[in-house]
Amino acid sequence: MKPGKSVTGALGAAMLIGAALAPAHASEQRTKPILGIDSAALAKFGGAQGVHNWVESLFYYIMLDNRINWIFKEFGNVERQIALNTQLEQMVLGGNVEYQGASMAAAHADLNITMAQFNAVVEAAYNACERNNISYYACNQLINALAPFTDDIVTH
Amino acid sequence: MHNMMRRATRVCTGAALLATALSSTGAWASYDDGKVFLTGGVFTVDGAGGGGAVPWATITGYETRDGINGGVGFTYANLPALQLTVIGAAIGFFDRLELSYAQHDLSLNLSNLDTVALVGALTEDLGVDLGTDPWNSTLKMDVYGAKLRLFGDAVYTSDSWIPQVAIGGLWKENSSEDLLHTLGAAESEDWEAYAAFTKVFFRYSTLVNLVARYTSANQIGLVGFGSCDGLEEGCSNDKEVRFEASVAHLVAKNTAIGFEYQQHGDNLDGRSINVGGLNLTGLTELLDTLSVDGLSNALQQKKESDWWDIFFAYAPNKKISFVVAYLMLGNISVAPDQNGFYFSTHLTF
């Protein structure tokens, strides 16, 4: 791990938590995939509780992966990260949920995330789907919905 | 003996020092395997990253924009009239540039071509080399390739129709010149250029890939390029744009099924095999005495078919992938209805 990265990571974390706590309105919009999202996708994830379980599994696999776990640890307040992710994932899958966190661009601006780190989280996402018995096709609906954030998140 | 040992030790030390120097200069620091499963494609017969016959716009290997990756590939295809073996390697640099090499060995077991070979053996006294060998005619080809990603991201731009776009060039050197001239090709070496357009549609777990290739190849160059009316007479080698497509449906993150289509040309359609500029009347008389009937028909090349295949690809991890396919290659030279099996493996670092 590079010390420089840790410092910017910690700074980014501090900024994001500040941003996440400040606005009461949604600061990230639902994405618009060209082919849309399967309307049954949220149900296939098991609704709000299913998405929450999936996010917990996602963080479980992230924390097992030495390529990326340190980023999330330095970010801090994992419980809040899980809560915000649960809101975000429900929103992009078409759920009527308000996302209360910062925009993806603002949240990741100073984290210097690489494509390899981003893809490692995607791998964790698929592992979480498998662990939660969410089908590969349903899982791809979520990847489809989150993919447009790639450029906001990967800034390296 | 003692001297030899010392020399061997020196060579080993030198190699070790070189390896240390390489790793400490950062050449290996750029190693990267951060790409998502199968999204670099596997090993095409041209050596380029893609499917089996059709290249993709993705850059080979598991590297991202921050690193280097690559691998080696092996392919074996078994068709009634031929067996093709391809070995090669491809390296991807920073998900931007790809360099590749593939070596083809094609064994032909064509009874009609074997007849030509027999005739060839009989006519060798006349100083004619047909490049054939009774019961075993082999074509060899080297393919050097480069591919450059221009723009687009095949994987993550689900909110845009813009695909990943790459252009590529291939230089193909077929070293079986005599046999190619016997089969009526104008050139044994030539270049090809292509543009590839690739996009993953997560909504349907499917990758779609389109290619336009500018080429004059006969059977991807295995039967040379262009055509001649006679033996190295009236030759033409005009390139044209041909269309290729592949569709891969992912049934799991590491498993794909799909098909490929590759349009082929018509340079050699209906042409007879050139038997060294021999007077064909004399040849017929010669064959009559050998009681070989219908030879002129047997030596006429069929209409070159477009290639189709259906495949199954599996990558248990990022180090290795396997592809099995059923090839429907149609008419190849003087052999009709060539359907058969294909096996390929791609080992990535």
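In the block above lies the structure referred to throughout.
Residues numbered from 1 in each chain as written. Chains lettered and ligands numbered in written order. Predicted model: local features only at pLDDT ≥ 70, side-chain atom pairs only at ≥ 80, totals over all residues.

### Some points on the overall build of chain B
A tally of regular secondary structure across chain B gives five helices and 16 strands. The buried share of chain B, taken over its 349 residues, is 46%. The long-range fraction of contacts in chain B, counting pairs at least 24 apart against all pairs at least 6 apart in sequence, stands at 67%. (Helix = DSSP H or I, 4+ residues; strand = E, 2+ residues; numbered from the N terminus. Buried ≥ 20, exposed ≤ 12 C-beta atoms within 10 Å, placed from the backbone. Contact = placed C-beta atoms within 7 Å.)

### Re the pairing of strand β12 (residues 240-252) of chain B
Residue and element names in this part refer to chain B. Here 10 bridges tie strand β9 (residues 206-215) to β12, and the two strands are oriented antiparallel to one another. Residue pairing across strands places V211 opposite E244, the latter belonging to β12. Examined bridge by bridge, β12 and strand β13 (residues 255-262) share eight bridges and lie antiparallel to one another. When the sheet's bridge partners are listed, A245 is paired in β13 with Y261. (Pairing = 2+ DSSP bridges.)

### What about the interface of chain B and chain A?
Taken together, the 18 residues of chain B in the interface contact 22 residues of chain A. Residues of the side of chain B that touches chain A, tallied by class, amount to six nonpolar, five polar and seven charged. (Nonpolar A, V, L, I, M, F, W, Y, C, P; charged D, E, K, R; others polar.)

### Some points on the pairing of strand β14 (residues 307-317) of chain B
All names here are of chain B. With eight bridges joining them, β13 and β14 adopt antiparallel strand pairing. Among the inter-strand pairings, G258 is bridged to a residue of β14, identified as F311. Where β14 meets strand β15 (residues 320-332), eight bridges bridge the pair, whose relative direction is antiparallel. Paired with N317 across the bridge in β15 is I320. Where β14 hands over to β15, the hairpin turn is made up of two residues, counted between the paired strands.

### A short note on unusual backbone geometry
Positive phi, normally seen in glycine, also occurs at N77 of chain A, with a value near 50 degrees. Within the fold, N77 of chain A resides in the loop between α4 (69-75) and α5 (78-92). Not every positive phi belongs to a glycine, and D337 of chain B is a case in point at roughly 50 degrees. Along the polypeptide, D337 of chain B turns up in strand β16 (residues 335-348). Its 14 C-beta neighbours within 10 Å are what place D337 of chain B among the partly exposed residues.

### Description of α5 of chain A
Residue and element names in this part refer to chain A. Given a rise of 1.5 Å per residue, 15 residues ought to cover 21 Å, and the 21 Å separating the end C-alpha atoms of α5 matches this to within 8%. Buried within α5 are the following residues: Q81, L84, T86, Q87, L88, E89, Q90, M91 and V92. Looking one or two residues beyond α5, the residue adopting positive phi is G94, at roughly 100 degrees. (Expected span 1.5 Å × (residues − 1).)

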